[in-house]
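# Residue-level structural notes
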Amino acid sequence: MNIAQRLIYFREKRGITTNKLANLAGVSQSHLREIELGQRNPTVETLSFFCEALGISLEEFFRENECEINPCLMTAIKRLSDKQQQNLADFLNSMHKE
């Protein structure tokens, strides 16, 4: 996927309109549309604004093998301590034992 396709993918996955994402990222709606149509390439700074608004990192944006886990959830998990991540994994695994 190219940048435009990735941006559309993450925006739609979050259920955010073009207008809302543009507002959250602090850019004009027409600028975002041009990027999504492939008529313009965003700067790294602009792309980082989009990622922040989408709740994902630049790394997640460019990751080739996008997993099916919601990017917002992955970001939240990455912010947990090792112990908290282990507790979350234990809790999730316990749900499958029922």
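Residues numbered from 1 in each chain as written. Predicted model: local features only at pLDDT ≥ 70, side-chain atom pairs only at ≥ 80, totals over all residues. Heavy atoms only, no water.

## Concerning the side chain of T18
Here T18 lies in helix α2 (residues 18-25). With relative accessibility at 14%, the residue T18 sits in the buried group. Setting aside chain neighbours within four positions, we find T18 in contact with R11, Q29, L32, R33 and E36. (Helix = DSSP H or I, 4+ residues; strand = E, 2+ residues; numbered from the N terminus. Buried < 20%, exposed > 50% of the residue type's maximum accessible area, 1.4 Å probe, protein only. Contact = heavy atoms within 4.5 Å.)

## Comments concerning the packing of aromatic side chains
One pass over the full model with this rule turns up 3 aromatic pairs. Pairing F61 with F62 gives two aromatic rings, centres 5.0 Å apart and planes at 85°, and the pair type is edge-to-face. Since its relative accessible area comes to 0%, F61 is described here as buried. Members of the aromatic cluster, connected to one another through ring pairs, are Y9, F10, F61 and F62. (Phe/Tyr/Trp six-rings, centres within 6.5 Å; stacked < 30°, edge-to-face > 60°.)

## Some details on the packing of helix α1 (residues 3-14) against helix α3 (residues 29-36)
In contact at an axis separation of 8 Å, α1 and α3 are set at 120° when each is read in the N-to-C sense. Overall, the two elements α1 and α3 adopt an arrangement that is oblique. Here A4, L7, I8 and R11 of α1 lie close against α3, whose contacting residues are L32, I35 and E36. Per-class residue counts for the contact of α1 with α3 are 5 nonpolar, no polar and 2 charged. (Axes fitted to C-alpha atoms, helices over the stretch in contact; angles between N-to-C directions. Parallel < 35°, antiparallel > 145°, perpendicular 65-115°, else oblique. Nonpolar A, V, L, I, M, F, W, Y, C, P; charged D, E, K, R; others polar.)

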